[in-house]
Amino acid sequence: MKFKAALLHVIVIISTVLGGLGSARAESLQIVGFGDSLMAGYQLPQNESYTAQLEAALKAKGIDVTITNAGVSGDTTSAGLARLDWSIPDGTQGVILELGANDALRGISPDQTEKNLDAMLARLKERNIPVVLAGMLAPPNLGKDYQDRFNSIYPRLSQKYGVPLYPFFLDGVVTQANLQLEDGMHPNAKGIAVIVERSLPTIESFIKSLPAHR
């Protein structure tokens, strides 16, 4: 994404985070969706993004939650690590961590991807912010060795930090042209709805386990 558009995403994140935390009811759970274009809702209206549709689905189940969209299109795990602290403010009660797709697309070493994700999980643990990890799978054109090394990152980190894992964020969408934008990479609004439906049990269980929800 061009620099100007990326900068706009950053501005939106700051205003949404600060505004959302200030205006939400005190008893509303404060969750941050932290990720790349898949979280940001690339080329979609804000109300059709993953965070917006997930928040609506949870509220329909009677769960009072505010999910702030802290997704930035084009982010790698390195970029995510660099902005972690200011993108996830104090008062956040849970994080949905979705990063790594751009690392795979760029062929970044899985060792580096794991190192960055590990550092993010360690930092959030240090801040006592619970995390649910959204996994990613490497595309097959990168070869079996790369796939094996990359795909094992998320289960390993989930086990290391004792955080719940949704194994593949694009499950049910990645091979379905009718659920994707014309670029064949990003989900459209219907695709996001599928992701929400499939990830909802994991996210709902995560939220119900939060100390603030008890």
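Cut-offs and rules
Residues numbered from 1 in each chain as written. Predicted model: local features only at pLDDT ≥ 70, side-chain atom pairs only at ≥ 80, totals over all residues. Heavy atoms only, no water. Buried < 20%, exposed > 50% of the residue type's maximum accessible area, 1.4 Å probe, protein only. Helix = DSSP H or I, 4+ residues; strand = E, 2+ residues; numbered from the N terminus. Pairing = 2+ DSSP bridges. Axes fitted to C-alpha atoms, helices over the stretch in contact; angles between N-to-C directions. Parallel < 35°, antiparallel > 145°, perpendicular 65-115°, else oblique. Contact = heavy atoms within 4.5 Å. Phe/Tyr/Trp six-rings, centres within 6.5 Å; stacked < 30°, edge-to-face > 60°. 1 Å grid on protein atoms, 1.4 Å probe; cavity = no way out; pocket = protein on both sides within 12 Å on 5 of 7 lines; lining within 4 Å. Points joined across faces, edges and corners; volume = space filled by probe spheres on them. Nonpolar A, V, L, I, M, F, W, Y, C, P; charged D, E, K, R; others polar.

Examining the pairing of strand β4 (residues 131-134)
The two faces of the sheet receive side chains in turn, since in a regular strand these alternate between them. Here β4 shows a buried face lined by V131 and L133 and a second buried face lined by V132 and A134. Here strand β3 (residues 94-98) pairs with β4 via four bridges, running parallel. Residue pairing in the sheet places L97 in a bridge with L133 of β4.

As for the packing of helix α7 (residues 144-151) against helix α8 (residues 153-161)
Remark: α7 packs on α8, axes separated minimally by 5 Å, with the N-to-C direction vectors making an angle of 20 degrees. Accordingly, the angle class assigned to the pair α7 and α8 is roughly parallel. Together, R149, F150 and N151 of α7 and I153, Y154, P155 and R156 of α8 make up the contact between the two elements.

Regarding the pairing of strand β1 (residues 29-35)
Summarising burial for β1: seven of the seven residues are buried, a large majority. Here β1 shows no split at all, with L29, I31, G33 and G35 on one side and Q30, V32 and F34 on the other all buried. The sheet contact formed by β1 and β3 spans five bridges and is parallel. Note on β3: the bridge partner recorded for G35 is E98.

Describing the packing of aromatic side chains
In the structure shown here, the tally under the stated rule is three aromatic pairs. Their ring planes at 10 degrees and their centres at 6.1 Å tell us that Y146 and F150 sit as a pair that is stacked. A residue pair is termed a helical-turn pair when its members lie 3 or 4 positions apart in one helix, as Y146 and F150 do in helix α7 at four residues. Each member of the pair Y146 and F150 is classed as buried. The structure contains a cluster of three or more aromatic residues connected by ring pairs, namely Y146, F150 and Y154.

Some thoughts on empty space enclosed by the protein
In total, this model carries one cavity of 30 Å³ or more according to the counting rule given. Its boundaries defined by the atoms lining it, the largest cavity holds a volume of some 40 Å³. Every residue along the wall of the largest cavity is listed here: Y50, I96, V132, L133, A134, Y166, F169 and I203. No other element matches β4, which puts three residues into the lining of the largest cavity.

Some details on the layout of surface pockets
Rolled over the atoms, a probe with the dimensions of a water molecule shows which regions are left empty. Quantified by volume, the largest pocket comes out at close to 490 Å³. Taken together, 25 residues make up the lining of the largest pocket; nearest its centre are A101, L105, M136, L170 and M185. Looking at the lining of the largest pocket, the elements with two or more residues in it are α2 (37-40), α5 (101-105) and α7. Of all the elements, α5 adds the most residues to the lining of the largest pocket, at four residues. Of the residues in the lining of the largest pocket, the class split is 15 nonpolar, nine polar and one charged.

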